[in-house]
Amino acid sequence: MKLLTVLVVLALGIVYLKARLFSFRAQDSSDYAALGPDISLKEHLNGPILSEGVIYGPNGRVANSFVARMEGRWEGATGTLTEAFTYSNGKQQNRQWNLTMVDDTTFTATADDIIGVAKGKVSGATIRMDYTIVLTEEAGGHSLNVTDWLYLTESGVIMNRSEMRKFGIKVAELIATMRPQADEEARREAAE
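Residues numbered from 1 in each chain as written. Predicted model: local features only at pLDDT ≥ 70, side-chain atom pairs only at ≥ 80, totals over all residues. Heavy atoms only, no water.

A few points about the overall build of the protein chain
Item 1. Scanning the protein chain from terminus to terminus reveals three helices and 10 strands.
Item 2. Along the protein chain, helices (α) and strands (β) appear in the sequence α-α-β-β-β-β-β-β-β-β-β-β-α when read from the amino end.
Item 3. Within the protein chain, the fraction of its 192 residues that count as buried is 35%.
Item 4. Taking the intrachain contacts of the protein chain between residues at least 6 apart in sequence as the baseline, contacts between residues at least 24 apart amount to 35%. (Helix = DSSP H or I, 4+ residues; strand = E, 2+ residues; numbered from the N terminus. Buried < 20%, exposed > 50% of the residue type's maximum accessible area, 1.4 Å probe, protein only. Contact = heavy atoms within 4.5 Å.)

Okay, structure coming up:
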């Protein structure tokens, strides 16, 4: 019995260490401090942005995909990022992030479906944001802990990868692109 207990504790310790040291959650903003090009919320989350992505469920299969039209606006150290999502299952969702730069590398954010205040860090070509989101009742109404990572590419496209966890267990993952839309392209799409 003692041997079985030791083996179980050892196995759980290995799983914990793997998750903390060799996975998505093991990333730290300092890992990317020297990685360029430097990302700026005020510059790269400003104006019209088109986002396309997929959401993976707990089984690792695509559960949904989406297109989101975003618009960032900044005035001094505060900004808004409005998001209008259209999902492949026909559902639509809107969100407005209210962003506040605390200093050059840290920021906070709030939105109606976020519990409390999201905390973010800008470092090199990356942005990390941690928060708790409340899903719609249609999606189960669960509260999930989210870690968002945004990675700026040389072409100006932002790659977004997010993990959503419940009780520390990954239940969903999101992968998306975010690319600036030219004003003319945005006007043309708005007229359609």
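Some thoughts on the packing of aromatic side chains
Item 1. Inspection of every chain in the model, using the stated rule, returns five aromatic pairs.
Item 2. Judged by centre distance (5.2 Å) and plane angle (75°), the rings of W97 and Y131 are edge-to-face. Of this pair, W97 sits in strand 4 (residues 92-101) while Y131 is found in strand 7 (residues 126-134), placing the two residues 34 residues apart along the sequence.
Item 3. With relative accessibility at 5%, the residue W97 sits in the buried group. (Phe/Tyr/Trp six-rings, centres within 6.5 Å; stacked < 30°, edge-to-face > 60°.)

Brief notes about the pairing of strand 9 (residues 158-166)
Item 1. The pairing of strand 8 (residues 143-152) with strand 9 spans eight bridges and is antiparallel. The partner of L150 across the bridge, within strand 9, is N160.
Item 2. Taken together, strand 8 and the strand that follows it, strand 9, pair antiparallel across an intervening segment of five residues, in which G156 is found at a positive phi of about 95°.
Item 3. Note that strand 9 and strand 10 (residues 169-180) share nine bridges and pair antiparallel. Paired with S162 across the two strands is L174, which belongs to strand 10.
Item 4. The antiparallel pairing of strand 9 with strand 10 creates a hairpin that spans two residues between the two strands, and F167 there sits at a positive phi of about 55°. (Pairing = 2+ DSSP bridges.)

Some details on the sheet that holds strand 3 (residues 78-87)
Item 1. Ordered in space as 1-2-3-4-5-6-7-8-9-10, the 10 strands form a closed barrel in which the pairing is antiparallel. Adjacent strand axes in the sheet meet at a mean angle of 25° when their direction is disregarded.
Item 2. In this sheet, strand 7 lies alongside strand 6 (residues 114-123) in antiparallel orientation, the contact comprising seven bridges. Considered in strand 7, the bridge of I114 is made with I133. (Axes fitted to C-alpha atoms, helices over the stretch in contact; angles between N-to-C directions.)

A look at unusual backbone geometry
Item 1. Even without glycine at this site, F167 takes up a positive phi of about 55°.
Item 2. Locating F167 in the fold gives a position in the loop between strand 9 and strand 10.

Some details on the environment of K121
Item 1. Residue position: K121 is located in strand 6.
Item 2. Sequence separation between K121 and W149 is 28 residues, and the spatial gap between their C-alpha atoms is 9.7 Å.
Item 3. A distance of 3.4 Å separates a polar atom in the side chain of K121 from a polar atom in the side chain of T105. (Polar contact = N/O pair within 3.5 Å; in protein donor to acceptor, adjacent residues only side chain to side chain.)

Observations regarding the pattern of salt bridges
Item 1. Evaluation of the coordinates by the stated rule reveals nine salt bridges.
Item 2. The shortest N-O distance in the salt bridge between D130 and R128 comes to 2.9 Å.
Item 3. Between R165 and E163 there is a salt bridge; the shortest N-O distance is 3.1 Å. (Salt bridge = Lys/Arg side-chain N within 4 Å of Asp/Glu carboxyl O.)

Overview of the environment of D148
Item 1. Topologically, D148 is positioned in strand 8.
Item 2. The spatial distance from the C-alpha of D148 to the C-alpha of N160 is 7.0 Å, given a sequence separation of 12 residues.
Item 3. Apart from residues no more than four positions distant in its own chain, D148 is found in contact with I127, R128, M129, Y131, N160, R161 and S162.
Item 4. For D148, the side chain forms a polar contact with the side chain of Y131, separated by 2.8 Å.

Some remarks on the side chain of E173
Item 1. By the element assignment, E173 lies in strand 10.
Item 2. Side chain to side chain, E173 and K170 meet in a polar contact 3.2 Å long.
Item 3. Setting aside anything within four residues of it in sequence, one finds E173 in contact with V54, I55, Y56, R161, S162 and M164.

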